[in-house]
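Residue strings, one per chain:
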Amino acid sequence: MYKVCKFGGSSLATAEEWKKVKDIVDHDDDLHIVVVSAIGKADKKDNKVTDLLYLIYQHHKYHVDYMPLFEQVEAKYLAIKKELQINVDIESEFEDVKERLDQDTISEDELVSRGEYFSAKLMAAYLGFDFVDSMELINFDYNGKIVEPETVECIERAVSVHDYMVVPGFYGSYPNYKICLFSRGGSDVTGSYMAKGAHADLYENFTDVSGFYMADPKIVENPRHISQISYDELRELSYMGASVLHEETILPLMDEDIPILVLNTNCPEQPGTWVKKAVQGRKHLITGISGKKGFLAITFFKERSIDKLSLMMKVLSVFRAYHVPVENIPTSIDSFCVVVEKNAIEEKYYDMIADLKQINGIAGIEEDEDIALLAVVGGNMVKKAGSLGRIMSVFGDNNINIKLIDWGLEEYNILLGVSNADFEKSIKTLYARFAHEKINNA
Ligand code: ASP
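First things first, this report covers the structure right here in the doc. (Residues numbered from 1 in each chain as written. Predicted model: local features only at pLDDT ≥ 70, side-chain atom pairs only at ≥ 80, totals over all residues. Heavy atoms only, no water.)

The subject of this paragraph is the packing of helix α2 (residues 49–61) against helix α3 (residues 67–84). Taken N-terminus to C-terminus, the directions of α2 and α3 make an angle of 150°; their axes are 9 Å apart at the nearest point. Judged by the angle between their axes, α2 and α3 are roughly antiparallel. As for how α2 packs across α3, the hand of that crossing is left-handed. Between α2 and α3, the contacting residues are Val49, Leu52, Leu53, Leu55, Ile56 and His59 on the first element and Leu69, Phe70, Gln72, Val73, Lys76 and Tyr77 on the second. Considered class by class, the residues forming the contact of α2 with α3 number nine nonpolar, two polar and one charged. (Axes fitted to C-alpha atoms, helices over the stretch in contact; angles between N-to-C directions. Helix = DSSP H or I, 4+ residues; strand = E, 2+ residues; numbered from the N terminus. Parallel < 35°, antiparallel > 145°, perpendicular 65-115°, else oblique. Left-handed = near helix turned anticlockwise from the far one by under 90°. Contact = heavy atoms within 4.5 Å. Nonpolar A, V, L, I, M, F, W, Y, C, P; charged D, E, K, R; others polar.)

Here's what the structure looks like:
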């Protein structure tokens, strides 16, 4: 068995956590590749190294003394080094970064990537593994998109040379060998590419919770644990806010059907959540519920004589030009509605509306800025007559108005729009109704 694992920032926040990581790795000879994040928060008041590094770059840019912040970063790594007696010269790495900052020869991405780099340098020495820099493994094109064939080739080569290695997460390199970051939380994605390139049997992702739960524990008390979930189900839940794994984690693993096991560093013996292509033997109608507040629905009414499809194409091209992702497009005979995340449109709003008003054939525009979206996901809803009706009845029974609904042919995901004020109530009532009901009882 060949395994890749990843430890997130909270699993690296203190020397105690590092000891747990070593214990896990020492007891499993199958763990060949260990991907690490930057040091995370030890408690609520603490700062993440990645956040500090972003802040350092801004201080430097505006000529404000960044040293107190840099000292915070240094202190975190030095405390780990000292307490665990790790023999590695991390101090000269710090000096090198400061020198390059002062000479203005380090980019923001490179500076921020040092959090993962320092973690990996220390972790490799601590575990007695080889350190392999992600610069040599993860290849991006100039648009910041992964070049998969080259990445896989580089990882295959590294695997043939290094039996056991530690790799920094979150970054790779452009063709000119400058550093490029994934989006925040991207060490999960590094782990996926490592698993893919190494043709691993399993990707174990260690974090501070024992996998996924049917609903957000901040909304529902003690929600039911999910023991297995399919790639597709998880993509839908993550897209709508379930935040345990980065939403791009799954894509690289899908073709080779490499499962992910999400585990808790603090209690690795707990079962965790399996994420795989197909899941079997589950009895619940709904696997999970996630959602987000803060959407805006813009409805476009067309003039009668105008062709709706061409008008939609013109309207959508404006959203595309402004790089505003569209979440959903419900339509009716003389109108269609475009649902977007408010944050994504905010700064561009007035310019966009001005451009949209220029389009010929629009008879009116109306907005509803009080939309929360819910994803109700469950592979067991597929081909199960009546499931949609049962889910909808929960809303009617609890006097919650549904503003929009989208249910695709795949049948495993229902997207619902409610008012922001009804968001928590919707999740709580859906959970209460479906958490423990088995499909046999349907
Ligand atoms: N350190 C990065 C972040 O905080 C990446 C990661 O932890 O996955 O976003």
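The next subject is the site of the ligand. The environment of the ligand is made up of Ser37, Lys48, Thr50, Glu116, Phe170, Arg184, Gly185, Gly186 and Ser187. Gly185 places a main-chain nitrogen or oxygen 2.8 Å from an oxygen atom of the ligand. Take Ser187: an N or O atom from its main chain is 3.0 Å from an oxygen atom of the ligand. Out of a free accessible area of 260 Å², the ligand has 92% covered by protein chains. (Near = heavy atom within 4 Å. Polar contact = N/O pair within 3.5 Å; in protein donor to acceptor, adjacent residues only side chain to side chain. Areas by Shrake-Rupley, 256 points an atom, 1.4 Å probe, with all protein chains shown as cover.)

Bringing the side chain of Asp28 into the picture now. On the secondary structure map, Asp28 appears in the loop between α1 (15–26) and β2 (31–36). Ignoring any residue separated from it by four or fewer positions in sequence, one finds Asp28 in contact with Lys3 and Glu204.

Sheet architecture is open: eight strands sit in the order β3-β4-β2-β1-β7-β9-β10-β8, paired in mixed fashion. Single-partner strands in this sheet number two, and they are β3 (130–131) and β8 (228–230). Sheet analysis places strand β7 (residues 202–207) next to strand β9 (residues 260–264), joined by five bridges and oriented parallel. From the neighbouring strand, Asn205 faces β9, where its bridge partner is Val262. (Pairing = 2+ DSSP bridges.)

A few words now on the packing of α3 against helix α5 (residues 108–127). Orientation of α3 relative to α5, taken along the N-to-C sense of each, is 5°, at an axis distance of 11 Å. On the basis of the axis angle, α3 is roughly parallel to α5. Counted together, Tyr77, Lys81 and Leu84 of α3 and Gly115, Phe118, Ser119, Leu122 and Tyr126 of α5 form the full contact between these two elements. A per-class count over the contact of α3 with α5 returns five nonpolar, two polar and one charged.

Our next topic: the packing of aromatic side chains. Geometrically, a pair of aromatic rings is defined through the distance of the ring centres and the angle of the planes. What the rule picks out here adds up to 14 aromatic pairs. With 6.4 Å between their ring centres and 85° between their planes, Phe70 and Phe94 make a pair best called edge-to-face. Here Phe70 is found in helix α3, whereas its partner Phe94 is found in helix α4 (residues 90–102), with 24 residues between them in sequence. Of the two residues, Phe70 and Phe94, both sit in the buried class. Centroid distance Phe94 to Phe118: 4.9 Å. Interplanar angle 85°. Geometry classified as edge-to-face. Of this pair, Phe94 sits in helix α4 while Phe118 is found in helix α5, placing the two residues 24 residues apart along the sequence. (Phe/Tyr/Trp six-rings, centres within 6.5 Å; stacked < 30°, edge-to-face > 60°. Buried < 20%, exposed > 50% of the residue type's maximum accessible area, 1.4 Å probe, protein only.)

When the charged atoms of two side chains with opposite charge come close together, those side chains can pair. Tallying each qualifying case throughout the model produces 24 salt bridges. Of the charged contacts, one joins Lys76 and Asp46 as a salt bridge, the two residues approaching to 2.9 Å between their closest N and O atoms. Here Lys76 is found in helix α3, whereas its partner Asp46 is found in the loop between β2 and α2, with 30 residues between them in sequence. Assessed through its relative accessible area of 15%, Lys76 is described here as buried. Asp46 sits in the buried class, given a relative accessible area of 18%. With its nearest N and O atoms 3.2 Å apart, the salt bridge here joins Lys293 to Glu424. Of this pair, Lys293 sits in strand β11 (residues 288–302) while Glu424 sits in helix α14 (residues 423–434); the two residues are 131 residues apart in sequence, bridging distant segments of the chain. Classification of Glu424 as partly exposed rests on a relative accessible area of 30%. One network of salt bridges, with partners in common, ties together Lys3, Asp28 and Glu204. (Salt bridge = Lys/Arg side-chain N within 4 Å of Asp/Glu carboxyl O.)

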